[in-house]
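Per-entry structural report
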Amino acid sequence: MSDYFVRPATAADMAAVHEILQPYVMRRILLGKDLVVLYEATQEFVVAVDDAGSVIGCGALHVMWQDLGEIRTLIVTDEWVHHGVGGAIVAALEGNARNLGLTRLFCLTFETEFFQRRGFAEIGEQVVSPDVYSQLVRSPDEGIAEFLDLAHVKPNTLGNSRMLKNLR
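Residues numbered from 1 in each chain as written. Predicted model: local features only at pLDDT ≥ 70, side-chain atom pairs only at ≥ 80, totals over all residues. Heavy atoms only, no water.

Quick look at the overall build of the protein chain now. A tally of regular secondary structure across the protein chain gives seven helices and seven strands. Expressed as a percentage of the 168 residues in the protein chain, the buried residues total 46%. Taking as baseline every contact in the protein chain between residues at least 6 positions apart, the subset at least 24 positions apart corresponds to 67%. By element, 52% of the accessible surface of the protein chain is carried by carbon and sulfur atoms, the whole surface being about 8900 Å². (Helix = DSSP H or I, 4+ residues; strand = E, 2+ residues; numbered from the N terminus. Buried < 20%, exposed > 50% of the residue type's maximum accessible area, 1.4 Å probe, protein only. Contact = heavy atoms within 4.5 Å. Areas by Shrake-Rupley, 256 points an atom, 1.4 Å probe, with all protein chains shown as cover.)

Looking now at the pattern of salt bridges. Taken as a whole and judged by the stated rule, the model has six salt bridges. Note that Glu-70 is salt-bridged to Arg-72, the shortest N-O span being 2.7 Å. Each member of the pair, Glu-70 together with Arg-72, is buried. In this structure, Arg-98 engages Glu-94 in a salt bridge whose closest nitrogen and oxygen atoms are separated by 3.8 Å. Taken as a pair, Arg-98 and Glu-94 lie in helix 3 (residues 85-99) at a separation of four residues, close to a single helical turn. Here the residues in one salt-bridge network are Glu-94, Arg-98 and Lys-165, joined through shared partners. (Salt bridge = Lys/Arg side-chain N within 4 Å of Asp/Glu carboxyl O.)

Over its 13 residues, helix 1 (residues 14-26) runs 18 Å from end to end, which matches the ideal 18 Å to within 8%, given 1.5 Å per residue. Where helix 1 is buried, its residues meet helix 2 (35-40), strand 2 (45-50), strand 3 (55-65) and strand 4 (68-76). Count one or two residues on from helix 1 and you reach Arg-28, which has phi positive near 60°. (Expected span 1.5 Å × (residues − 1).)

What follows covers the side chain of Thr-77. Of note, Thr-77 is situated in the loop between strand 4 and helix 3. Accessibility expressed as a relative area gives 12% for Thr-77, which makes it buried. Residues contacting Thr-77, with those up to four places away along its chain left out, are Ile-20, Tyr-24, Val-55 and Ile-56.

In this section: the confidence of the model for the protein chain. The predicted coordinates should not be examined in detail at positions where pLDDT is low. Looking at the protein chain, the pLDDT average stands at 86 and 78% of residues meet or exceed 70. For residues 152-157, every residue scores under 50 in pLDDT, and the model assigns this stretch nine contacts once sequence neighbours within four places are set aside. (pLDDT = per-residue confidence, 0-100.)

Another aspect to go through is the pairing of strand 2. In the case of a regular strand, side chains alternate between the two sheet surfaces. Within strand 2, six of the six residues are buried, leaving the element largely enclosed by the surrounding structure. Of the two faces of strand 2, both are covered, the one formed by Phe-45, Val-47 and Val-49 as well as the one formed by Val-46, Ala-48 and Asp-50. Sheet topology places strand 1 (residues 4-8) next to strand 2; five bridges connect them, and they run antiparallel. By the bridge assignment for strand 2, Tyr-4 is matched with Asp-50. One ladder, built from five bridges, connects strand 2 with strand 3; its direction is antiparallel. By the bridge assignment for strand 3, Phe-45 is matched with Ala-60. Counted between consecutive antiparallel strands, the loop separating strand 2 from strand 3 contains four residues, among which Gly-53 sits at a positive phi close to 90°. (Pairing = 2+ DSSP bridges.)

Next comes the structure, spelled out in structure tokens:
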């Protein structure tokens, strides 16, 4: 297996991100994202790239609140699973979160053991103050609805675990 590195995504990477996302959408592991949505979120993404310059993985950091971010769209191509790529992507996203002043990271995942090994723990219902909740609930963002465990997203998230990591 050749080497890889993780770097900030560019707009030119987003078609490849869309392509590697599709098998996970078909298997109902991740929710689909239109290509335009990916382009709009380019600055949230990091990509793992192999020696040939091919995108072999990606992940995004979405800021949800003053101290809170979400790791989204974490994907590693099947050929690169169990080679440290996912962990390297999460580490890069955690670095980005710290640079932004975030102290907590959320994820919604089926891969609980992967995230537990990186310091995430499953969370219950009340993880923000009522004042923050009243602000977050106004967001149209589906990820925030998932974080808040709102009923209208439950059909799309059955079986997923809500996890949180304190970065301090």
